[in-house]
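A structural walkthrough
Given next are the chains, with one letter for each unit.
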Amino acid sequence: MPRHAAPTADVVAAARAGERGALEELSSRTLPLVYSVAARAHPYRDDVDDVVQETMMRILRGIGGLERPEAFRSWVITITVNEVRDHIRRRGRRETTGAAFDAAEHRPDPAADFAEGVILDLRLSGQREESVRATRWLDEDDRELLSLWWLETAGRLARAELASALAMTGQQAAVRVQRMKERLHTSRVIVRALAARPACGELTRLTLKWNGTPSGLWRKRLGRHVRQCPRCLRHEEDLLAPEGLLAPLALLPVPAALLAWRPWLSAGTHVPAADHAGTAATSGGGGSATTGTAGIAGTSLTAKAVVTASALLAVGGALVYATSWPSPSARPVTAPTASRPRPAPSPTATASPSRSAPVRGSVVSRPSPRPLPQPRYGSVVDAVDSAPPPDRPPAALPRRSQTAVTMTGLKRHLGGYQLVHRGDSVVLRGKGYFTVHWDVMYGLRPGLLTMPSWTGLRGKLFHVASGGGHRMDDRQPGAIADGTWMGNTQQGLISLPPGAQQMWQNEYYYLDGSVTLHLNETQADYNLDVLPSSWQETADDIASPPAPNSADRERYGLVRDTGRDDAPVPQYTTRSTPTDAVTVPQRSVVS
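Bear in mind the structure is a predicted one, so any value in this text is a computation, not a measurement. Think of each chain on its own: its residues are numbered from 1, step by step along the sequence as written. Residue-level local features of this predicted model are given only where pLDDT is at least 70; pairs of side-chain atoms are given and counted only at 80 or more, and the full residue set underlies all totals for whole chains, interfaces and linings. Each side-chain value is worked out from all heavy atoms of the structure, with water and hydrogens disregarded.

**Looking at the overall build of the protein**
- Going along the chain from the N terminus, every DSSP run of H or I of four or more residues is numbered as a helix, and every run of E of two or more is numbered as a strand. When helices and strands are tallied, the protein shows 15 helices and 15 strands.
- Each residue is assigned to one of three classes by its accessible area relative to the maximum for its type, calculated with a 1.4 Å probe on protein chains only: buried under 20%, partly exposed between the two thresholds, exposed over 50%. In the protein, which comprises 591 residues, the proportion classed as buried is 49%.
- A separation threshold of at least 6 residues defines the contact pool for the protein, and within that pool the share at least 24 residues apart is 77%.
- Computed with a 1.4 Å probe, the accessible areas rest on the Shrake-Rupley method; for each residue, only the protein chains presented here act as cover. Accessible surface computed for the protein: about 28100 Å², of which carbon and sulfur atoms make up 53%. Residue contacts are defined here by distance: any two heavy atoms, one from each residue, within 4.5 Å place the two residues in contact.

Set out below in structure tokens:
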């Protein structure tokens, strides 16, 4: 039987009876299917391993309650889809209530990283690469449907199984699939149009406020343009059908760490059919799917802490140890084999005497080394600097511990908040990275720009990097000779107060505590987009090269973070809210 073939009814029946070999075979043949569905449907790549582990636990523990072995694959898909939905919902609740502060060590990467990983791992190119990139522009519901339709195109899933997993009729599924394919087609045209050189000028102007992260909202905005622009519409002329492009990629390669770390096969994983009565909820496809932790022998389980330490497993013919690992990143890629005795410590070699060595028996007094002075928080405040050479890559960005930063403001925008009018503010709380995206409106109201200010700081705030492809005083593509992102002589210029640091398109900050950011416009009109970020997103932006890779990228980004407390603190930062935020001094009092 091919390795990725579905387990036969005999194997399923034996697994229901609790046979160890059948459970192992069922697990091996089910894992690629579960991983492929979860990886494509879940919006956060770093959570996929946890979702897969929890799904496999539910499958192996609930197999005793499966009524019809021939419905096994439909049952597995239903459990996987439900687990993905539950995981996304739980994550949303944690972030809303702030409980995410104590969750993972860092915020998971978005689904965009998953698409890039597939492209690199499978060395995709041409229209197949474009199609995978296009999946990044779909909404969560469409990604969930795509993960199943992708398997259907390769013959790994029947339409009835797809419909059953989504709790809809065959006709409803057909309509949903057709609409999803239309949005995927639009996304493929957008991917081509954005990569075209020379770029469409109108498309470039439309993306000036875009932060570079694909989303359903921006698919709608850019989709309207590419459908109406004769220049962009030409990019759809030779597009091949997605079925032929995606079918060979139906089952994704399972990461080695997930293959080696299989807690669902540890002792006590399976609940026999006789002990399973009343612990399963009926699902589509004639089977039953356990809900939550019901049916798990009365225990509350998570994917990271259910394995009995040192439980021996047989994986690929080699004995390995299954252990509870504190986090996915701590799991070994290859499991250790049988333990080996440590070699006896070798005798310490005697140093050969030298002329400068002390006489035997004498006492030599050496002064204790002086401790190095510790960097003091707030000792460095951002000051005026010059732009680095455009082709100079940034230094490595230090990685700081992160959980999440929550925001509270008036006008929601792209997952964060937008500050538009004088007096607008956003309160940030948590531990992690965020972005301030600048949009200066020189065409509406030029003049002196009153800088935004940070007030009410509790904890620490660092200015860690600058990016977005250009400083705001760089030349603007397509503008008149003296035109920059700060304006031009025809429409007007925006200037900064003396001693103010020239901002970049994206400014990146790290917060450990809470602070409020105020927009203080008086003369010059400007907007600020305050958006969630991560270490990975920051590093990716500042490391992106200048043109011709992107029409509006004039230079690499800049790292400001030292990784210590002497990293720069942003200008205009105070400990308490002043009477008038415009009067916040440039030199911050933060120590």
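That covers the picture; the talk isn't over yet.
**Considerations on the pairing of strand 8 (residues 425-440)**
- With twelve of its 16 residues buried, strand 8 lies for the most part within the structure.
- At least two bridges found by DSSP between two strands is the condition for calling them paired. As defined by bridge partners, strand 5 (residues 405-408) adjoins strand 8 across four bridges and the pair is classed as antiparallel. Its bridge partner lying in strand 8, Thr406 is registered against Arg429.
- Two strands pair when backbone bridges link them, and strand 8 and strand 13 (residues 504-518) are joined in this way by 13 bridges, in the antiparallel orientation. Across the sheet, residue Val426 finds its bridge partner in strand 13, namely Leu517.
- With seven bridges joining them, strand 8 and strand 14 (residues 526-532) adopt antiparallel strand pairing.

**With respect to the state of the cysteines**
- Any two cysteine sulfur atoms within 2.5 Å of one another count as a disulfide. By the definition in use, this model includes zero disulfides.
- Counting only cysteine sulfurs, Cys232 is the nearest neighbor of Cys200, a cysteine outside any disulfide, at a range of 3.9 Å.
- Here Cys200 falls in the buried class, since its relative accessible area comes to 8%.
- Among the cysteines around Cys232, which has no disulfide bond, Cys229 carries the closest sulfur, lying 3.8 Å off.
- Classification of Cys232 as buried rests on a relative accessible area of 1%.

**Comments concerning the sheet that holds strand 11 (residues 487-488)**
- Taken together, three strands build an open sheet; the order of strands is 9-12-11 and the sheet is mixed. Both outer strands of the open sheet, strand 9 (447-448) and strand 11, are each paired with one neighbouring strand and no more.
- Relative to strand 12 (residues 492-495), strand 11 runs antiparallel, the two being bridged by two bridges. The residue bridging Asn488 from the neighbouring strand is Gly492, located in strand 12.

**Description of the confidence of the model for the protein**
- pLDDT expresses, on a scale from 0 to 100, how confident the predictor is about each individual residue. Within the protein, residue pLDDT values average 74, and 69% of them lie at 70 or more.
- By mean pLDDT, the top-scoring element of the protein is strand 15 (residues 558-559) (96), and the lowest-scoring one is strand 4 (residues 318-322) (25).
- Within the model, pLDDT remains below 50 along residues 267-271, and this stretch shows 20 contacts once partners closer than five positions in the same chain are excluded.
- Below pLDDT 50 for its whole length, residues 274-365 participates in 126 contacts with residues either more than four positions away or in separate chains.

**Description of the packing of helix 2 (residues 20-41) against helix 7 (residues 140-153)**
- Convention adopted: a line fitted to C-alpha atoms gives each axis, helices being fitted over their contacting stretch, and angles between N-to-C directions are expressed from 0 to 180 degrees. Where helix 2 contacts helix 7, the two axes come as close as 7 Å, and the packing angle between them is 145°. Note that helix 2 runs across helix 7; the crossing there is right-handed. Where helix 2 abuts helix 7, its residues Leu33, Val37, Arg40 and Ala41 lie against Arg143, Glu144, Ser147, Leu148, Trp150 and Leu151.
- Each residue is assigned to one class: nonpolar for Ala, Val, Leu, Ile, Met, Phe, Trp, Tyr, Cys and Pro, charged for Asp, Glu, Lys and Arg, and polar for all the others, Gly among them. When grouped by side-chain class, the residues that make up the contact of helix 2 with helix 7 number six nonpolar, one polar and three charged. We call a crossing left-handed when the near helix sits turned anticlockwise from the far one by less than a right angle, and right-handed when that turn is clockwise.

**As for the pattern of salt bridges**
- The salt bridge definition used is simple: a Lys or Arg side-chain nitrogen within 4 Å of an Asp or Glu carboxyl oxygen. Summed over all chains, the structure comprises 22 salt bridges.
- Ionic pairing is found between Glu202 and Arg205, a salt bridge with its closest N-O pair at 3.2 Å. Residue Glu202 and its partner Arg205 are both found in helix 10 (residues 201-206); the two are separated by three residues, about one turn of the helix.
- The class for Glu202 is partly exposed, based on a relative accessible area of 37%.
- The shortest N-O distance in the salt bridge between Arg400 and Asp561 comes to 2.8 Å. Placement of the pair is Arg400 in the loop between strand 4 and strand 5 and Asp561 in the segment after strand 15, with a sequence separation of 161 residues. Each member of the pair, Arg400 as well as Asp561, is classed as buried.
- Within the structure, one salt-bridge network assembled from shared partners comprises Asp385, Arg471, Asp473 and Arg560.

**Details of unusual backbone geometry**
- Here the residue pair Arg197 and Pro198 is connected by a cis peptide bond, since its omega of 5° sits within 30 degrees of zero.
- Tracing the chain through its elements places Pro198 in the loop between helix 9 (170-195) and helix 10.
- The residue Ala167 is not glycine, and still its phi comes out positive at about 55°.
- Mapped onto the secondary structure, Ala167 falls in the loop between helix 8 (159-165) and helix 9.

**Focus on the pairing of strand 14**
- Counting buried residues in strand 14 gives six out of seven residues, a clear majority hidden from the surface.
- Taken together, the three bridges between strand 7 (residues 416-419) and strand 14 define a ladder with antiparallel strand orientation. Considered in strand 14, the bridge of Gln418 is made with Asp529.

**Focus: the side chain of Thr78**
- Its location among the elements puts Thr78 in helix 4 (residues 72-97).
- Pairs of N or O atoms within 3.5 Å make up the polar contacts considered here, provided that, within protein, one atom can donate a hydrogen while the other can accept it, and that residues adjacent in sequence are counted only when both atoms are side-chain atoms. At 3.0 Å, the side chain of Thr78 forms a polar contact with the backbone oxygen of Ser74.

**Brief notes about the nonpolar core**
- Here, the term nonpolar core denotes a set of buried Ala, Val, Leu, Ile, Met, Phe, Trp, Tyr and Cys residues that are joined through side-chain atoms within 4.5 Å. Among the nonpolar cores identified, the biggest contains 68 residues, and Leu26, Val52, Ile59, Ile63, Phe72 and Leu148 are the most heavily contacted of them.
- Here this core gets eleven residues from one element, more than from any other, and that element is helix 2.
- Those residues within four positions of Phe72 in sequence are excluded, and the remaining contacts are Pro7, Val12, Leu26, Thr30, Ile59, Ile63 and Leu66.
- Formed by 48 residues, the second largest nonpolar core is a distinct cluster that contains Leu428, Met472, Leu496 and Tyr526.

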